[in-house]
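As a plain string of letters, each chain reads:
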Amino acid sequence: MPETRTYGRRRAVPRKSEQQESFDAGRTDGTVARREAVSGRVVKTGSNAAPATAAGWDDVDKVAAAAGGGDQYLKVTENRMVIKILSDGPFDVFSSHWIDEIEDGSKSIRCWGTPACPLCQIGDKAKRFSACFDVVSLEDPEYPVLKTWDVGIKIARQLKEIATDDKRGPLNRSDLYFTIRKETKKKSVEYTLERVKERDLDEEYGVQPLDAEALAAFQAECHEYGDRVKEVLDEDAMEDIVRLLMDDA
Ligand SMILES: [Zn+2]
């Protein structure tokens, strides 16, 4: 089984570092400067060059946790978390089959979304809906991180309602943030989404809004619409799964 492609990148953007000032100083034009700013921040993870400023040991763990090994997906927890949605719609929408019989690799298989989908054809229903958004997680307000937020149908509908409402949308309105948390009930998991105005962030959640610089850097890292967060298996791989299911029956 091919592994699900790990797609997209995470960036930890330390806010208001002295490092940033040196980037600002060398700034020439907008686009290039943003790219520089982004790759410049990577330096802080210590991959190949010495950081411009000493960061301190706290940063080592924090940045490493955010940049490496961590999941690309936003992990919603019982604790209310502030996020910033970076675009007005999902960049990828799909449904997935859940194949419990797969022992090695992901049990979640992206539906082709057409009548030709081999799993749909044998009567398996793609039950899990996903709409994927680029968001900045402010779970740790000191270290905002770019994540992929994979939402189910209920939250997707709530987001759509806000996005299409002139007064409340768009989702990526500059003064608009959200909180999300989950509640695990006996038989289900429920998510609660709330809008937060930028001006209330500090008072209500102790979170400082992202400055224009950080926001632009994250935006430069976003997926394009249509980018696929979960790969589409080709015919051969799908046939393998169909065979697995048939053998099992
Ligand atoms: Zn299918």
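Residues numbered from 1 in each chain as written. Predicted model: local features only at pLDDT ≥ 70, side-chain atom pairs only at ≥ 80, totals over all residues. Heavy atoms only, no water.

## Notes on the overall build of the protein
- When its secondary structure is counted, the protein shows 8 helices and 7 strands.
- A sequence separation of at least 24 residues applies to 69% of the contacts in the protein between residues at least 6 apart. (Helix = DSSP H or I, 4+ residues; strand = E, 2+ residues; numbered from the N terminus. Contact = heavy atoms within 4.5 Å.)

## Details of the coordination of the zinc ion
- Distances from the zinc ion to its protein donors, namely H97 (NE2), C111 (SG), C117 (SG) and C120 (SG), fall within the range 2.1 to 2.3 Å.
- Classification of the site at the zinc ion as tetrahedral follows from its 4 donor atoms and the range of 101 to 114 degrees in their angles at the metal.
- Between consecutive donors of the zinc ion, the numbers of intervening residues give the motif H-x13-C-x5-C-x2-C. Here C111 and C117 have matching classes, each one buried. (Donors = N, O, S within 2.8 Å, 3.2 Å for Na, K, Ca; no water. Tetrahedral: all angles 85-135°; square planar, octahedral: opposite > 155°, others 65-115°. Buried < 20%, exposed > 50% of the residue type's maximum accessible area, 1.4 Å probe, protein only.)

## Let's talk about the environment of L244
- Mapped onto the secondary structure, L244 falls in helix 8 (residues 235–248).
- Relative accessible area serves as the criterion here: at 32%, L244 is assigned to the partly exposed category.
- Considering only alpha carbons, one finds L244 and I99, 145 residues apart in sequence, at a separation of 9.6 Å.
- When sequence neighbours within four positions are dropped, the list of residues in contact with L244 reads E101 and I102.

## Considerations on the confidence of the model for the protein
- Averaged over every residue, the pLDDT of the protein is 80; residues scoring 70 or more account for 71%.
- Confidence, expressed as mean pLDDT per element, reaches its minimum in the protein at helix 2 (residues 30–43) with 33 and its maximum at strand 1 (residues 81–85) with 98. (pLDDT = per-residue confidence, 0-100.)

## Some points on unusual backbone geometry
- Between G169 and the following residue, P170, the backbone shows a cis peptide bond with an omega angle of -10 degrees.
- Positionally, P170 belongs in the loop between helix 5 (153–163) and strand 6 (176–184).

## Describing the pattern of salt bridges
- By the definition in use, this model includes 11 salt bridges.
- The shortest N-O distance in the salt bridge between K75 and D71 comes to 3.3 Å.
- The exposed category is assigned to K75, whose relative accessible area is 52%.
- The shortest N-O distance in the salt bridge between D92 and R110 comes to 2.9 Å. Taken together, the residues D92 in strand 2 (residues 92–98) and R110 in strand 3 (residues 108–110) connect sequence positions 18 residues apart.
- Using a relative accessible area of 5% as the deciding quantity, one classes D92 as buried.
- Looking at R110, the relative accessible area reads 7%, which means it is buried.
- Each of E161, D165 and R168 takes part in salt bridges that share partners, so that together they form one network. (Salt bridge = Lys/Arg side-chain N within 4 Å of Asp/Glu carboxyl O.)

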